[in-house]
Structure formats: C-alpha cells, structure tokens
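Residues per chain, in single letters:
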Amino acid sequence: MGRVLNFYAGPSALPLEALESAKNEIFDWKGTGMSVLEVSHRSKEYIELHNESKDLLRKLLAIPGDYEILMLQGGASLQFAMIPMNLLGDDQTAGYIVTGRFSSNAFKTAGTLRKVYLSVSTEEDGIFSRLPAPEEINIETGTAYCHLTSNNTIFGTQWKVFPDTGPVPLVCDMSSDILSRKIDFKPFGLVYAGAQKNLGPSGVTVIIIRNDILERSREDLPDILNYKVHAGKNSLYNTPSCFATYMMNKVLKWVDKKGGLSAVEEQNEKKAYLIYGTIDKDPGFFRSRVEKQCRSSMNVTFNLPSEELESRFISDAQKNGIIGIKGHRSAGGVRVSMYNTHGTDDIEVLVNFMNNFINRNG
Ligand SMILES: *Cc1c(COP(=O)(O)O)cnc(C)c1O
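Residues numbered from 1 in each chain as written. Predicted model: local features only at pLDDT ≥ 70, side-chain atom pairs only at ≥ 80, totals over all residues. Heavy atoms only, no water.

Engineer: I keep staring at the packing of aromatic side chains and nothing clicks. Help me out?
Structural biologist: The geometry of two aromatic rings is summed up by the distance between their centres and the angle between their planes. Summed over all chains, the structure comprises 16 aromatic pairs. Here Phe-285 and Phe-286 contribute two aromatic rings whose centre-to-centre distance is 5.0 Å and whose plane-to-plane angle is 85°, an arrangement assigned as edge-to-face. Each member of the pair, Phe-285 together with Phe-286, is buried. Put simply, the rings of Phe-285, Phe-286, Phe-302, Phe-313, Phe-353 and Phe-357 pair up and form one aromatic cluster. (Phe/Tyr/Trp six-rings, centres within 6.5 Å; stacked < 30°, edge-to-face > 60°. Buried < 20%, exposed > 50% of the residue type's maximum accessible area, 1.4 Å probe, protein only.)

Pasting the structure below:
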C-alpha cells in the first residue's frame, strides 16, 4: 500500500485506523444496509453518532458543564464573521491580537461587521515571527471579548501561556492545535476550530461556547448565523456535514484509545524536541525564523541557506516519500505540519532525512 509521510498543513493526515474503519463500513454502516453518506441526518443511528461525538469532545478536552458544544459548517472562516455578529452589541467593541494570517483575516472580517480594534499586531514587513509580550496587549474599556489565535499555522508560533485579559473573556481560534494539549477553559468565552487539522477532515467546525456568552447572541440575525438557534436545535438546524462528523468521531475514538490528551500532549512534546533539536544542532544550515519561546509544536517552519537548497530539500523529501513540506506561499521556506496523527517514529524518519541532507549538502 503506497502510503506517504504526509505533512500537509490542512487538510492533513488522518489515522490509518480511522480510514480503515471507514472503508470497512462504506457499504453498510451499523447494519443499516447503507453508507453513512446515504443515511438521513434525522435517523436514530446518525443522532447517536452526532451526540456521541459531542460527548467525546467534552470528555477528551475536559470541557466544563457550563459550555455548549456546537458542530457547524463553513469552516473557521465563517466564525470570523459569526463571532462579532452574535457577540457584539451596538455599544460594544472587541480587541484583536494579530499574530498571523488567520488572526489578521479574523480582524478584517469583524471590522466589516462591527466596531472592533487592534489590541496588538506583531507583523514586521509582512512576516510574523513572534507573539506579543503581555504589556503590548491593549484592552479598551467596553471590550466584550479579546480574540486571538492559539497556534499560527502559517508562521509556526504557538501560545504556551495565554494572555491574562482580566474580566474580558478570550475568544480563540484553535483550528490548528485543538486536541494537541490540555487546555484550561476558564479564561475562554468561546473556542472554535475547523476540523481539518487535528480533529478529522474538513467540513465540520467545532465551537465551544460558555452559556452566558451564548445567551448574548443577538436576535437580529438570520437563524442560520445565530448561535442560540443552533444550540437550541443541537446543531441540527439544517443538514450537518454527516461524513465529516463521522470521520471526526473515529479520530476522537482513536485519541481516546491512545490515552487521551495526556498521552497526545506527551507525544507532541517529544516530536517537537526531536525536530527543533535537529534544527538547532546546525544553526548555520537549518534556520528557524521564530522566537524560541513561542515555537509551535504543530507547524515547524524553517529556512535553508538558499532558496535553491530549499527547493532541493523539498524535492528530495518527496522522492523519499515525505510530502507537504513546502512553506505557505506568504512565508516561503519549509513547513512541517505534524499533527496528532504523526507518531514519534514519523518524525524520526524526517529527522534522519534532514541529517542525511546536511551530510550531502552542508
Ligand atoms: C486552517 C486554519 C483556518 C482556516 O479555516 P477554514 O476552515 O479554511 O475556514 C483558520 N484559522 C486557523 C488557525 C487555521 O489553521
């Protein structure tokens, strides 16, 4: 079977076990004589899968009882709009911490809909290589929430400790590191994530929202954009993304079987230690552009001494069955996206390749 080592940033590699299980059930799911692709979203079997997926999310992420879980469509990008639409009254504002492309998009989208302001941006010449220090973050009076991105997928930075915004709740895009480590939900009013990095395939977006924040949802919105409507209908207001939820369910069960977030977090730390150790061993060859204290354990970005060597690195990797490591077009260089699916052994293969490449070209 010709499986490659897939380091794409998203959609990204899925556990083989989840794919195999889906393959086995493709003609007959749960004895229905139908595929999950064909079954009604109002059927007993689907509702069971839907609710079980929510329960698994709550269990694995240790989501407290006063938070509602929504599973909607439209990706994280739709949340860039739904969040300010629902949560901001006419006399309120929200602060945005901009540390990468997606947080910048979130800020721009919100600005077309409601009154928001820039709390801080760490952009320098179009590049984001760091996170702000606490004293750089500006919170105005009348701020309903402060938005940030926990892991910057394109540039490879990740918050290790979230900023303290006092009574102002954090609203966080966790698309690329949800389920990769334990989180304390206390400072968060709302957490959201598109599934296609750590949770499953694209098509379903998870929104975790504290009940008092949910209650704030504005009435003057179309139902399809209203959090309270979706919550009232258990995220089945309209046809959900059944197959994406089905695959997410399999990924969640796989994580549970591995030992949950403690096991996953430990593995992710080991993987980061392996690859950053290799980068740092010869700093004249592999060059990390990111400040050390905020290096992402999910998306590892680095450069080589020349663009020519970078191209050769990427094409040699491909010849060795290692794919998806070309940096995002706005950042260049190399990016390795190593989500939960990748084991330590996968990173060892990559690190061996990196060491061999230095021996041949260094
Ligand atoms: C991938 C990603 C997105 C984009 O999500 P869509 O589902 O394509 O809208 C947004 N934010 C972050 C942090 C991401 O990694």
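That was the structure; now back to the text.
Engineer: What is the right way to look at the side chain of Ser-35 in this model?
Structural biologist: When you line up the elements, Ser-35 lands in the loop between α1 (16–24) and α2 (44–61). Overall, the relative accessible area of 3% leaves Ser-35 in the buried class. Within the structure, Ser-35 has its side chain in polar contact with the backbone nitrogen of Leu-37 (distance 2.8 Å). (Helix = DSSP H or I, 4+ residues; strand = E, 2+ residues; numbered from the N terminus. Polar contact = N/O pair within 3.5 Å; in protein donor to acceptor, adjacent residues only side chain to side chain.)

Engineer: Even after reading the chapter, I still don't get unusual backbone geometry, so can you show me in this structure?
Structural biologist: With glycine set apart, most residues show a phi of negative sign, and most peptide bonds adopt trans. That bond from Gly-10 to Pro-11 is cis: its omega, -5°, falls within 30 degrees of zero. Structurally, Pro-11 is set in the loop between β1 (5–6) and α1. Of note in this structure, Lys-30 is not a glycine but carries a positive phi near 55°. Mapped onto the elements, Lys-30 comes out in the loop between α1 and α2. Positive phi is not limited to glycine here, since Ala-62 has a value of about 50°. Note on Ala-62: relative accessible area 55%, which makes it exposed.

Engineer: Teacher, can you tell me more about the packing of α1 against helix α7 (residues 242–258) here?
Structural biologist: Any two packed helices are characterised by the angle at which their axes cross and by the distance between the axes. At a closest axis distance of 9 Å, the pairing of α1 and α7 adopts a crossing angle of 135°. Judged by the angle between their axes, α1 and α7 are oblique. For the pair α1 and α7, the crossing hand works out as right-handed. Facing α1, whose interface residues are Glu-17, Ala-18, Leu-19, Ser-21 and Ala-22, α7 presents Tyr-246, Met-247, Lys-250, Val-251, Trp-254 and Lys-257. Tallied by class, the residues present in the contact of α1 with α7 amount to seven nonpolar, one polar and three charged. (Axes fitted to C-alpha atoms, helices over the stretch in contact; angles between N-to-C directions. Parallel < 35°, antiparallel > 145°, perpendicular 65-115°, else oblique. Left-handed = near helix turned anticlockwise from the far one by under 90°. Contact = heavy atoms within 4.5 Å. Nonpolar A, V, L, I, M, F, W, Y, C, P; charged D, E, K, R; others polar.)

Engineer: For this particular structure, what's the right way to read the site of the ligand?
Structural biologist: Taken together, Gly-75, Ala-76, Ser-77, Phe-102, Thr-149, Asn-151, Thr-153, Asp-173, Ser-175, Ser-176, Gln-196 and Lys-197 are the residues near the ligand. Within the backbone of Ala-76, an N or O atom sits 3.1 Å from an oxygen atom of the ligand. Measuring from an oxygen atom of the ligand, one finds a side-chain N or O atom of Gln-196 at 3.0 Å. Compared with its free state, where it exposes 390 Å², the ligand has 85% of that area covered by protein. Among the elements that make up the shell around the ligand, the one with the highest residue count is helix α3 (residues 75–87) (three residues). Grouping the amino acids of the shell around the ligand by side-chain chemistry returns two nonpolar, eight polar and two charged. (Near = heavy atom within 4 Å. Areas by Shrake-Rupley, 256 points an atom, 1.4 Å probe, with all protein chains shown as cover.)

Engineer: I keep staring at the pattern of salt bridges and nothing clicks. Help me out?
Structural biologist: Opposite charge on two side chains makes pairing possible when the charged atoms of those side chains draw close. Under the defined criterion, the tally for this structure stands at 23 salt bridges. Its salt-bridge partner being Arg-181, residue Asp-177 comes within 3.0 Å of it at the nearest N-O pair. There is no split in this pair, since Asp-177 and Arg-181 are both buried. It is possible to trace a salt-bridge network through shared partners that takes in Asp-90, Arg-218 and Asp-220. (Salt bridge = Lys/Arg side-chain N within 4 Å of Asp/Glu carboxyl O.)

Engineer: Where do I start with the packing of α7 against helix α8 (residues 260–281) in this structure?
Structural biologist: Between α7 and α8, the shortest axis-to-axis distance is 6 Å and the interhelical angle comes to 85°. Taken together, the axes of α7 and α8 lie roughly perpendicular to each other. Judged by residue contacts, Val-255, Asp-256 and Lys-258 of α7 engage Gly-260, Leu-261, Ala-263, Val-264 and Gln-267 from α8. Here the residues of the contact of α7 with α8 sort into four nonpolar, two polar and two charged.

Engineer: It is not clear to me how the layout of surface pockets should be interpreted in this structure. Could you clarify?
Structural biologist: Empty space among the atoms can be located by rolling a probe the size of a water molecule over them. The space that makes up the largest pocket amounts to roughly 250 Å³. What lines the largest pocket is Arg-3, Val-4, Leu-5, Asn-6, Ala-13, Leu-14, Pro-15, Leu-16, Leu-19, Thr-341, His-342 and Asp-346. Put simply, the parts of the chain that give the lining of the largest pocket at least two residues each are β1 and α1. Considered class by class, the residues forming the lining of the largest pocket number seven nonpolar, three polar and two charged. (1 Å grid on protein atoms, 1.4 Å probe; cavity = no way out; pocket = protein on both sides within 12 Å on 5 of 7 lines; lining within 4 Å. Points joined across faces, edges and corners; volume = space filled by probe spheres on them.)

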